[in-house]
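Letter by letter, the chains look like this.
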Protein chains: 2
Amino acid sequence: MTSSSLDEIFGCKLYFKCENFQKAGAFKSRGAVNAIFSLPKVQLMSGVATHSSGNHAQALARAAMIRNIKSYIVMPKSSPKVKVKAVEEYGGEITFCDNNLQSREDTLFSILEKTNAIEVHPYNNSLIIAGQATTAKELYEEHKKLDCILAPVGGGGLLSGTALTTRLISPKTTVIGCEPKQADDAYRSFIKRKLIPQTNPKTIADGLRTSLGDINFSIIINNVDYILTASEKSITMAMRMIWERMKIIIEPSSALPIAVLLENKEYFKDKSVGVIISGGNIDLDNFKW
Amino acid sequence: MTSSSLDEIFGCKLYFKCENFQKAGAFKSRGAVNAIFSLPKVQLMSGVATHSSGNHAQALARAAMIRNIKSYIVMPKSSPKVKVKAVEEYGGEITFCDNNLQSREDTLFSILEKTNAIEVHPYNNSLIIAGQATTAKELYEEHKKLDCILAPVGGGGLLSGTALTTRLISPKTTVIGCEPKQADDAYRSFIKRKLIPQTNPKTIADGLRTSLGDINFSIIINNVDYILTASEKSITMAMRMIWERMKIIIEPSSALPIAVLLENKEYFKDKSVGVIISGGNIDLDNFKW
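Here the structure is a predicted model, which is why all the values come from computation and not from measurement. (Residues numbered from 1 in each chain as written. Chains lettered and ligands numbered in written order. Predicted model: local features only at pLDDT ≥ 70, side-chain atom pairs only at ≥ 80, totals over all residues. Heavy atoms only, no water.)

### Regarding the overall build of chain A
Across its full length, chain A carries twelve helices and nine strands. Principal-axis analysis of the C-alpha atoms places the extent of chain A at approximately 55 × 40 × 35 Å. Scored against the burial criterion, the 289 residues of chain A give a buried share of 58%. Long-range pairs, those at least 24 residues apart, make up 71% of the contacts in chain A with a sequence separation of at least 6. (Helix = DSSP H or I, 4+ residues; strand = E, 2+ residues; numbered from the N terminus. Buried < 20%, exposed > 50% of the residue type's maximum accessible area, 1.4 Å probe, protein only. Contact = heavy atoms within 4.5 Å.)

Listed below in structure tokens is the structure:
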């Protein structure tokens, strides 16, 4: 999509790749489908498993349903009902756990032991990264000459995939990861060139609270040009601009590239900028402007 | 747009024409641009004028700006700030009036007297109808074989245009007007075959509270197959389904076709159905689910 009104506001040409329109509402479907269809069926006899409160849970359950295998999804008790329901509709077998990483990992471990299912990590997995990389590929197929490409960064699956695609098919394009100031482990890791885990993230962008994976980090450090952060205020303002001007529903994590644009207008002036909108799954009941 | 999840829910194939993505956020831009560019420049020397609290105001101001003529817009004092701001951004000269039809007409009359501007009525105007008719034309250009086409009906500009297009290029397609039960003047006029004005409309669908125009009515009575109504509950449910499943922002008036589908699932089963989404202008500050 394009938006003449946003182009005017930012003084540059924006090309949006809208993964909020993707199956299951987010780019995560790409990685999940790629992972599940790349593995030989014999390896998948016992199904797949993951822990996720978010878009990866739905995406993996859906991909498993398409390949006709079982999926086991560990979800924190606090997961939004709408996401639990979506996983159920895709036939995922849900096990609830406590709202912390330890409980998530322990619960997943016991399920893997019991079922022999294969774990499909949401981002720290090469097949997942390869799947997410197709997002930018499709954008370049339509718009060959982008000066920059912007993607949000949480665990790093989308950003590392975007960077790999760019180095392969549009090497001169500047790759910029966009991260909340209040969950800036990727920014700090990038600057220090050393993986620093995220602790105590405080951001509305719920998809970007996780720590960077080590596979993702090694791709990012070698192929991404900059990581820029944005404040919570900019994230909310950016999200609202997209809802109001483009008439599309995006989740807070997807607003990061536009939030970064808001804080760095001069840099992007007169450039052609690819913007990856990562997803549109938001709990309307609990969201207020 | 299409939506496999809505197709599954309704058991039919839906083809959405998304005028929420139209310039100024609604189909009204089509009629306004057509009216202003169809008139000879000499007639437009003194500008154009209308009264509107809604999408026509923005659309006319924008079309006038493009043709470099003045526009005078009478708006009720209660108009949402976001709409007032949009008219101002398009260079429209706003005169505020009281929140009733009499005050709107009186104020407009005095402006027409003073300025010699040409009145461009929001729907009871052949050039406006011809412009709105291009919405369905574009849908048929992509999907030749629609069993039915559904459009909301308020003043009747969009529905009469949709009907004229259908009779010309897809005469076998059933044309269905969709109206709130609580603002059902078109339904009652259609049944009685006599124009009955709307009194005291009570619907969330703010674009559909107006009375049918007489030019619109004569086209509708001769070219529309059915007018079906839907309850407020169905309208809200339909709007939410579209936000959640399609990730697009539509205004309440645009939900009418899906609300009618919700109340008449059997009729539409296995059919291919064109759905005109009329617009996406909604005041996010004042809207809660």
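Anyway, onward from the coordinates.
### Comments concerning the packing of helix H10 (residues 232–246) of chain B against helix H11 (residues 256–263) of chain B
Residue and element names in this part refer to chain B. Where H10 contacts H11, the two axes come as close as 8 Å, and the packing angle between them is 110°. When the interaxial angle is binned, H10 and H11 end up roughly perpendicular. The crossing of H10 and H11 is right-handed. Between H10 and H11, the residues in contact are Ser234, Ile235, Met237, Ala238, Met241 and Ile242 and Leu256, Ile258, Ala259, Leu262 and Glu263, respectively. A per-class count over the contact of H10 with H11 returns nine nonpolar, one polar and one charged. (Axes fitted to C-alpha atoms, helices over the stretch in contact; angles between N-to-C directions. Parallel < 35°, antiparallel > 145°, perpendicular 65-115°, else oblique. Left-handed = near helix turned anticlockwise from the far one by under 90°. Nonpolar A, V, L, I, M, F, W, Y, C, P; charged D, E, K, R; others polar.)

### Topic: the interface of chain A and chain B
Of the residues lining the interface, 21 residues belong to chain A; the matching set on chain B comes to 21 residues. When the two sides are added together, the surface that chain A and chain B hide from each other amounts to roughly 1,700 Å², 56% of it contributed by carbon and sulfur. The largest per-residue losses of area from chain A upon contact with chain B belong to Lys247, Ile249 and Leu284 of chain A, which jointly make up 37% of the total buried on that side. Here chain A is connected to chain B by two salt bridges. Close ionic contact of Asp285 of chain A with Arg240 of chain B constitutes a salt bridge, the shortest N to O distance being 3.0 Å. The tally of links between chain A and chain B comes to ten residue pairs in polar contact (both at pLDDT 80 or more). In terms of residue count, helix H10 (residues 232–246) of chain A provides more of the side of chain A that touches chain B than any other element does, five residues in total. (Buried area = accessible area lost by both parts, 1.4 Å probe. Salt bridge = Lys/Arg side-chain N within 4 Å of Asp/Glu carboxyl O. Polar contact = N/O pair within 3.5 Å; in protein donor to acceptor, adjacent residues only side chain to side chain.)

### Observations concerning the packing of aromatic side chains
Under the defined criterion, the tally for this structure stands at five aromatic pairs over all chains. Relative to Tyr267 of chain B, the ring of Tyr226 of chain B lies with its centre 6.2 Å away and its plane at 85°, an arrangement referred to as edge-to-face. Residue Tyr226 of chain B is found in strand E8 (residues 226–230), and its partner Tyr267 of chain B is found in helix H12 (residues 265–268); the two are separated by 41 residues along the sequence. Ring pairs connect the aromatic residues Tyr226, Tyr267 and Phe268 of chain A, which therefore count as one cluster. If you follow Arg67 of chain A out to its NZ or CZ, it ends over the ring of Phe37 of chain A, 5.5 Å from the centre. Sitting over the face of the ring of Tyr15 of chain B, Lys13 of chain B holds its NZ or CZ atom 5.4 Å from the ring centroid. (Phe/Tyr/Trp six-rings, centres within 6.5 Å; stacked < 30°, edge-to-face > 60°. Lys NZ or Arg CZ within 6 Å of the ring centre and 35° of its normal.)

### Thoughts on the sheet that holds strand E2 (residues 48–51) of chain B
Residues and elements named next belong to chain B. Taken in spatial order, the four strands make up an open sheet running E4-E3-E2-E5, and their pairing is parallel. Among the strands making up the open sheet, the edge pair consists of strand E4 (93–97) and strand E5 (118–119). Here strand E3 (residues 71–76) runs beside E4; their pairing, made up of five bridges, is parallel. Across the sheet, the residue bridging to Val74 is Thr95, located in E4. Along the sheet, helix H3 (residues 55–66) makes contact with E2 and E3, crossing E3 at roughly 165°. (Pairing = 2+ DSSP bridges.)

### A short note on the environment of Ala186 of chain B
Residues and elements named next belong to chain B. Along the chain, Ala186 falls in helix H8 (residues 185–192). Classification of Ala186 as buried rests on a relative accessible area of 1%. Considered as a pair, Ala186 and Lys288 are 102 residues apart in the sequence and their alpha carbons are 29 Å apart. Those residues in contact with Ala186, other than ones at most four positions away along the chain, are Val153, Glu179, Leu212 and Ile227.

### Some thoughts on the relation of the copies chain A and chain B
Screw-axis analysis of chain A against chain B gives a translation of 0.0 Å along the axis, an RMSD of 0.0 Å, and a rotation angle of 180°. Such a combination of turn and shift is consistent with a two-fold rotation axis. For chain A, the residue whose C-alpha comes nearest the rotation axis is Ile248 of chain A, separated from it by 2.1 Å. The fraction of interface residues of chain A whose copies in chain B are also interface residues reaches 100%, indicating that both copies meet through the same surface. (Least-squares fit on C-alpha atoms with pLDDT ≥ 70 in both.)

### Some details on the pairing of E2 of chain B
Residues and elements named next belong to chain B. Side chains Val48 and Thr50 of E2 all project onto a buried face; the interleaved residues Ala49 and His51 project onto the opposite face, where all are buried too. Across four bridges, the pairing between E2 and E3 is parallel. Bridging from a neighbouring strand, His51 pairs with Val74 of E3. Viewed along the sheet, the connection from E2 through H3 into E3 turns out right-handed. (Right-handed = clockwise from strand over helix to strand, strands pointing away.)

### A short note on empty space enclosed by the protein
Under the criterion given, the structure shown has one cavity of 30 Å³ or more. Considering only enclosed or pocket space, the largest cavity measures out at about 30 Å³ in volume. Around the largest cavity, the lining residues are Ile249, Gly280, Ile282 and Leu284 of chain A together with Trp243, Glu244 and Lys247 of chain B. Residue classes in the lining of the largest cavity are distributed as four nonpolar, one polar and two charged. (1 Å grid on protein atoms, 1.4 Å probe; cavity = no way out; pocket = protein on both sides within 12 Å on 5 of 7 lines; lining within 4 Å. Points joined across faces, edges and corners; volume = space filled by probe spheres on them.)

### As for the environment of Arg193 of chain B
Residue and element names in this part refer to chain B. Its place among the elements puts Arg193 in the loop between H8 and helix H9 (214–223). Between the C-alpha atom of Arg193 and that of Ile221, which follows or precedes it by 28 residues, the distance is 7.1 Å. Not counting residues up to four positions away in its chain, the partners in contact with Arg193 are Phe217 and Ile221.

### Some thoughts on the pairing of strand E3 (residues 71–76) of chain A
Looking along a regular strand, one sees the side chains alternate between the two faces of the sheet. All names here are of chain A. The buried fraction of E3 amounts to six of the six residues, a majority that puts the element mostly inside the structure. Every second residue of E3 is oriented toward a common face, with Ser71, Ile73 and Met75 on one face and Tyr72, Val74 and Pro76 on the other, all of them buried. Note that the unit made of E3, helix H4 (residues 81–89) and strand E4 (residues 93–97) has a crossover that is right-handed.

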